[in-house]
Amino acid sequence: MKVEIHPGWKKELADEFEKDYFKELTKFVKEEYSEYTCFPKASKIFSAFDHATFQNTKVVILGQDPYHGIDQANGLSFSVNDGIKTPPSLQNIFREIKEDLGKPTLQTGNLERWANQGVLLLNATLTVRAHQAGSHQKKGWEKFTDRVIEIISAEKEHVVFMLWGGAAKKKGAKIDPAKHLILTSGHPSPLSANRGYWFGNKHFSKANNYLQKNGKQPIDW
């Protein structure tokens, strides 16, 4: 795995790339991509960091691992490539935005337009084997993304963290609540959302209100 990442993030994470666990992770990912179909494309593994640079990141949305269907994953959590049917979780995200902000639903599930505004769409695990959800979990990615969150928490101020579902909420322990806004709710997946744990959380208006209060440009969701 060749680490191609925005220079700002590369500077922040340089020490991490030299650690033994990351070297083992690199070896694992290289072997997986050479033997199996994996997602996202190798060139997109660190895509979230290229769109939301360290300097510009003001919102973090945490997912679990990439979509494992053909041509879905593009390196951004919850996002899919243009022309791909919007997955159920993302449909529920769009529905909540419409109910919260009155905005029409996006015509594409590609969330690059959010990422380019400083929304770090970060999966806890950055790669996955085709059709095998969770297949690259507990190989080192979680340790890496924990460190990403710790660095954002320590070195930035007034970032909004959206933690949806149990796995994402666990990462909240890495965040300083005195410096940042932490928003939690159930996961937008149909199983959770239909039980009443997602809809009505108003995370998108809360995020924008917080950003504006702290002198930052709100996100055009």
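The preceding data block contains the structure.
Residues numbered from 1 in each chain as written. Predicted model: local features only at pLDDT ≥ 70, side-chain atom pairs only at ≥ 80, totals over all residues. Heavy atoms only, no water.

Considering the overall build of the protein chain
Assigned secondary structure in the protein chain consists of nine helices and six strands. Relative to the 2.2 N^0.38 estimate, which gives 17 Å for 221 residues, the radius of gyration of the protein chain is 17 Å and therefore close to what a compact globule would have. Considering only C-alpha atoms, the protein chain reaches an extent of 45 × 35 × 25 Å along its principal axes. Burial status across the protein chain gives 52% buried among its 221 residues. (Helix = DSSP H or I, 4+ residues; strand = E, 2+ residues; numbered from the N terminus. Rg over C-alpha atoms; globule rule 2.2 N^0.38 Å. Buried < 20%, exposed > 50% of the residue type's maximum accessible area, 1.4 Å probe, protein only.)

Quick word on helix α6 (residues 141-155)
Over its 15 residues, α6 runs 21 Å from end to end, which matches the ideal 21 Å to within 8%, given 1.5 Å per residue. Restricting attention to buried positions, one finds in α6 the residues Trp141, Phe144, Thr145, Asp146, Val148, Ile149, Ile151, Ile152 and Ser153. (Expected span 1.5 Å × (residues − 1).)

Looking at the layout of surface pockets
Regions of empty space are outlined by a rolling probe, equal in size to a water molecule, passed over the atoms. The space that makes up the largest pocket amounts to roughly 370 Å³. Residue lining of the largest pocket: 24 residues in total, with Gln64, Asp65, Pro66, Tyr67 and Asn123 positioned closest to the centre. Of the residues in the lining of the largest pocket, the class split is nine nonpolar, 14 polar and one charged. What lines the second largest pocket is Gln64, Ala124, Thr125, Gln137, Lys138, Glu142, Asp146, Ala167, Lys170 and Lys171. Only α6 and α7 (166-170) provide two or more residues apiece to the lining of the second largest pocket. Classifying every residue of the lining of the second largest pocket by side-chain character gives two nonpolar, three polar and five charged. (1 Å grid on protein atoms, 1.4 Å probe; cavity = no way out; pocket = protein on both sides within 12 Å on 5 of 7 lines; lining within 4 Å. Points joined across faces, edges and corners; volume = space filled by probe spheres on them. Nonpolar A, V, L, I, M, F, W, Y, C, P; charged D, E, K, R; others polar.)

Side note on the side chain of Ser153
Assignment of secondary structure puts Ser153 in helix α6. Beyond its immediate chain neighbours, meaning those up to four positions away, Ser153 contacts Lys174, Ile175, Asp176, Lys179 and His180. (Contact = heavy atoms within 4.5 Å.)

Examining the sheet that holds strand β6 (residues 181-185)
Overall, parallel pairing links the four strands, which are arranged β3-β2-β5-β6 in an open sheet. Among the strands making up the open sheet, the edge pair consists of β3 (119-123) and β6. Along the sheet, successive strands turn relative to each other by an average axial angle of 20°, direction set aside. Sheet topology places strand β2 (residues 59-63) next to strand β5 (residues 160-164); three bridges connect them, and they run parallel. (Pairing = 2+ DSSP bridges. Axes fitted to C-alpha atoms, helices over the stretch in contact; angles between N-to-C directions.)

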